[in-house]
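# Results of the structural survey
Listed below, chain by chain, are the residues.
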Amino acid sequence: FRQGAVVKREIILQDLENIYKRSIPWKQLNGKTVFITGAYGMLASYMIYMLIYLNEKYNAGIRIISVVRSAEKFRERFGEYADKEYMIMVTEPLEKEFDIEESVDIIIHAASYASPQYYGVCPVDVLKPNVIGSYYLLELAVRKKVQCYLQFSTGDVYGLVDGTDTIQENTCGIMNPLDIHSCYSESKRMAETMCYSYYFQYKVPVKILRIWHTYAPTMDIQKDPRVFASFVRDVINHKDIIMKSDGTSARSFCYIADAVAGYFTVLLKGEKGQAYNVCNTKEFYEIRKLAEIIASLRPELGLKVVTAMRKKEENYVENTVGSKVAPDDFKLRSLGWRPEFCVREGFERILKALE
């Protein structure tokens, strides 16, 4: 894959080989047409890498229709593979009906402004792909009679959860619709409701991924303000890790190879009309602890974890719904999925790829 450093390409290829060896019925994808939005994003791009891998190494004959905002970024991400005969790029906006002549077997809706840097700047733009985009894609799913519609959702849909040991798929917490952060979380809730409604009324075979914090070599550490990307950037720049909170909020952290294996597991083995937490329950850490782990991966630098106030001009909307409750990955595990990378192993791979 001609993008980034040689080490980065090698690590991505190793990840794809790791994912392929999992207990996933890959042959079900042979000859299918996959329509995917947000194609060059951090997570969706790994799914496309996997489809390219299946085509190039195993002659899977998968057609990939990639919906993107920028053709330039798409080509930058996928290099020579952007011009393969099985790759079709579509630059139409999500907020209108899709005019696609060819058949579509699988729709994957992964387009979303998922970073808190957007919530306080352009909240309407954040919610549009989740609500209006979902409507037009579900309508397309009805017309094309797809075999699966895979919705990228988020652990944020649970809201404020209390009085439970773990967050399971039937957990439902409190969310304030007048909190600007809800432009993301509430619109993802609505997208899930739309998915289930289309499943109920039109029998669209929807499956929902509730994705928790996921990190990957495809992170843009220069522009992504989320804590794990910021911590990696500090280490690569040989600077003390700057933590812009008290560090007591806790999150589960999942390496991309484990996450993508989960996405394909749900796509090919999951139950229709169901949602699945995609997380690594065992890798659940307070933010300060995560910072300390990442700093410790380069002990020769002698980096410290320090606290600083976030600048107002950063426009970063903190999630005020902090949690000490870990998400439960049991439902995904019941499909045969198992995470293989701990935080230390995963972030070591990230540092090697991006240094």
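Preceding this paragraph is the structure being described.
The structure reproduced in this document is the subject of the present report. Remember, it's a predicted structure, so these values are computed and weren't measured experimentally.

## Section: the overall build of the protein chain
When helices and strands are counted, the protein chain shows 10 helices and 14 strands. In terms of overall size, the protein chain behaves like a compact globule, its C-alpha atoms giving a radius of gyration of 19 Å where 355 residues would be expected to give roughly 20 Å. Reported as C-alpha extents along the three principal axes, the dimensions of the protein chain are approximately 55 × 45 × 40 Å. Across the 355 residues in the protein chain, those meeting the buried criterion constitute 56%. For the protein chain, the proportion of contacts with a sequence separation of at least 24, taken over those separated by at least 6, is 81%. Summing over all exposed atoms, the protein chain offers an accessible surface of approximately 15,700 Å²; the carbon and sulfur share of this is 50%.

## Structural notes on the sheet that holds strand 11 (residues 274–278)
Strand pairing in a sheet takes place through backbone hydrogen bonds and is either antiparallel or parallel in direction. Here we have seven strands laid out as an open sheet, ordered 3-2-1-4-5-7-11, and parallel in their pairing. Two strands close off the open sheet at either side, each with one partner strand: strand 3 (87–90) and strand 11. Adjacent strand axes in the sheet meet at a mean angle of 20° when their direction is disregarded. Across the sheet, helix 5 (residues 182–202) lies against strand 5 (148–154) and strand 7 (206–211), angled at about 160° from strand 5, the strand it touches most.

## Regarding the environment of Arg344
One can find Arg344 in helix 10 (residues 343–354). Separated by 54 residues in sequence, Arg344 and Leu290 place their C-alpha atoms 9.3 Å apart. When sequence neighbours within four positions are dropped, the list of residues in contact with Arg344 reads Ile293, Ser296 and Leu297. In terms of polar contacts, Arg344 uses its side chain to reach the side chain of Ser296, at 3.1 Å.

## Here's the deal with the sheet that holds strand 10 (residues 250–255)
If you trace the three strands from one edge of the open sheet to the other, you get 8-10-12, paired in mixed fashion. Unpaired on one side and paired on the other, strand 8 (213–215) and strand 12 (284–286) mark the two borders of the sheet. In this sheet, neighbouring strand axes are inclined to one another by 45° on average, regardless of whether the strands run parallel or antiparallel. Inspection of the sheet shows strand 8 paired to strand 10 by three bridges, in the parallel sense. Its bridge partner lying in strand 10, Tyr215 is registered against Tyr255.

## Thoughts on the environment of Asn55
With respect to the secondary-structure elements, Asn55 resides in helix 2 (residues 44–58). In sequence terms Asn55 and Ser70 are 15 residues apart; their C-alpha atoms lie 24 Å from each other. Leaving out residues up to four positions away in the same chain, Asn55 has contacts with Ala60, Gly61, Ile62, Ile64 and Tyr86. A polar atom in the side chain of Asn55 sits 3.1 Å from the backbone nitrogen of Gly61.

## Some points on the packing of aromatic side chains
Where two aromatic rings form a pair, the distance of their centres and the angle of their planes describe that pair. Summed over the entire model, instances satisfying the criterion amount to 20 aromatic pairs. Between Tyr113 and Tyr118, the ring centres sit 5.0 Å apart and the planes meet at 70°, which makes this aromatic pair edge-to-face. The exposure class assigned to Tyr118 is partly exposed, which follows from its relative accessible area of 29%. Sitting above the plane of the Tyr276 ring, Lys331 keeps its charged end 4.9 Å from the centroid.

## Examining unusual backbone geometry
Even without a glycine there, the phi angle at Lys145 is positive, about 50°. With respect to the element layout, Lys145 can be found in the loop between helix 4 (123–144) and strand 5. At Lys203, a residue that is not glycine, the phi angle is positive and equals roughly 65°. As for its position among the elements, Lys203 is in the loop between helix 5 and strand 7.

## Topic: the pattern of salt bridges
Evaluation of the coordinates by the stated rule reveals 13 salt bridges. With its nearest N and O atoms 3.5 Å apart, the salt bridge here joins Asp240 to Lys304. Of the two residues, Asp240 is situated in the loop between helix 6 (227–236) and strand 9 (241–243) and Lys304 in the loop between helix 8 (287–296) and strand 13 (305–307); the sequence distance between them amounts to 64 residues. For Glu348, the salt bridge is made with Arg298, and the minimal N-O distance between the two is 2.9 Å. In this pair, Glu348 is assigned in helix 10 and Arg298 in the loop between helix 8 and strand 13, connecting sequence segments 50 residues apart. For Glu348, a relative accessible area of 21% translates into the label partly exposed. Several salt bridges share partner residues, and in doing so they unite Arg22, Asp258 and Glu340 into one network.

Parameters and conventions
- Residues numbered from 1 in each chain as written.
- Predicted model: local features only at pLDDT ≥ 70, side-chain atom pairs only at ≥ 80, totals over all residues.
- Heavy atoms only, no water.
- Helix = DSSP H or I, 4+ residues; strand = E, 2+ residues; numbered from the N terminus.
- Rg over C-alpha atoms; globule rule 2.2 N^0.38 Å.
- Buried < 20%, exposed > 50% of the residue type's maximum accessible area, 1.4 Å probe, protein only.
- Contact = heavy atoms within 4.5 Å.
- Areas by Shrake-Rupley, 256 points an atom, 1.4 Å probe, with all protein chains shown as cover.
- Pairing = 2+ DSSP bridges.
- Axes fitted to C-alpha atoms, helices over the stretch in contact; angles between N-to-C directions.
- Polar contact = N/O pair within 3.5 Å; in protein donor to acceptor, adjacent residues only side chain to side chain.
- Phe/Tyr/Trp six-rings, centres within 6.5 Å; stacked < 30°, edge-to-face > 60°.
- Lys NZ or Arg CZ within 6 Å of the ring centre and 35° of its normal.
- Salt bridge = Lys/Arg side-chain N within 4 Å of Asp/Glu carboxyl O.

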